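Inside the fold
Residue-level listing of the chains:
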Amino acid sequence: MAQIGTIVTDEIKAQFDQIARSRGTTSSRLAAAIIADFLSLGTVADEASRRTPWTPPISVQSKEVKAKTEQVFVRLEPFYFEELGRLAQERLWYRGTYLANLFRA
C-alpha cells in the first residue's frame, strides 16, 4: 500500500490525533478518509461547475461539554443498517463512528 507523508507542527499533529481519537479511529485512517473524500468530491465539483476545486470545510469545535461522550441507541430497518455498514466500510470506520460524524456534519 502506498504512503503519503507531510510535515506539520507538533501542536497540529497532537490536535489531529485528538480529533481522530474522539471519532473512534486512528489519525492514519482519518487522513486516508479525508484524502479520499477530497479527491472524489473535488473531481465531481471541478467537472460539474468548472470552478475552483473543492476545499474541506473548516472544523468548528462545539462548546465545552461536561460529559466526554454520551451513548445513543438507534433502531434501523435492515436496509438502512446494511447501507450504514457499507458507507462506514468505505471509510474504514465503525458504523457508530460514521453515524457520529454524520451527526456532526
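Cut-off values and rules
Residues numbered from 1 in each chain as written. Predicted model: local features only at pLDDT ≥ 70, side-chain atom pairs only at ≥ 80, totals over all residues. Heavy atoms only, no water. Buried < 20%, exposed > 50% of the residue type's maximum accessible area, 1.4 Å probe, protein only. Helix = DSSP H or I, 4+ residues; strand = E, 2+ residues; numbered from the N terminus. Contact = heavy atoms within 4.5 Å. Core = buried A, V, L, I, M, F, W, Y, C linked by side-chain atoms within 4.5 Å. Polar contact = N/O pair within 3.5 Å; in protein donor to acceptor, adjacent residues only side chain to side chain. Salt bridge = Lys/Arg side-chain N within 4 Å of Asp/Glu carboxyl O. Expected span 1.5 Å × (residues − 1). Arc of directions from axis to C-beta.

With respect to helix α4 (residues 95–104)
A turn of α-helix holds 3.6 residues, and therefore any two residues three or four places apart point the same way. Taken together, the buried positions of α4 are Thr97, Tyr98, Leu99 and Asn101. Buried residues in α4 make contact with α3 (78–90).

Looking at the nonpolar core
Residues Ala20, Leu30, Ala33, Leu84, Ala88, Trp93, Tyr98 and Leu99 constitute the largest nonpolar core, which totals 8 residues. Those elements that place two or more of their residues in this core are α2 (27–49), α3 and α4. Non-local contacts of leucine 84, meaning those with residues more than four positions away in its chain, are made with Leu76, Arg95, Tyr98 and Leu99.

Points about the environment of arginine 23
Residue position: arginine 23 is located in the loop between α1 (10–22) and α2. Once the C-alpha coordinates of arginine 23 and glycine 96 are considered, the two residues, 73 residues apart in sequence, prove to be 9.2 Å apart. Apart from the residues within four sequence positions on either side, arginine 23 is in contact with Thr97, Asn101 and Arg104. Reaching out from arginine 23, the side chain makes a polar contact with the side chain of asparagine 101 at a distance of 3.0 Å.

A short note on the side chain of threonine 97
Within the secondary structure layout, threonine 97 lies in helix α4. Judged by relative accessible area, which is 8%, threonine 97 ranks as buried. If near-sequence neighbours (up to four positions away) are discounted, threonine 97 is found in contact with Arg23 and Gly24.

Concerning the pattern of salt bridges
Counting across every chain of the model gives 5 salt bridges. Across the pair arginine 91 and glutamate 90 runs a salt bridge whose closest N-O atoms are separated by 3.8 Å. The structure contains a network of salt bridges with shared partners spanning Asp37, Glu83, Arg86, Glu90 and Arg91.

Some thoughts on α3
Taking 1.5 Å of rise per residue, 13 residues should cover 18 Å, and α3 covers 19 Å from first to last C-alpha, within 8% of that figure. Among the residues making up α3, those that are buried are Leu84, Gly85 and Ala88. What you see down the axis of α3 is that its buried residues fit within an arc of 100°, all on one side. Exposed side chains of α3 directed beyond 90 degrees from the buried face belong to Phe79 and Glu90. Against the buried residues of α3 lie α4. Two residues or fewer after α3 comes leucine 92, characterised by a positive phi angle close to 60°.

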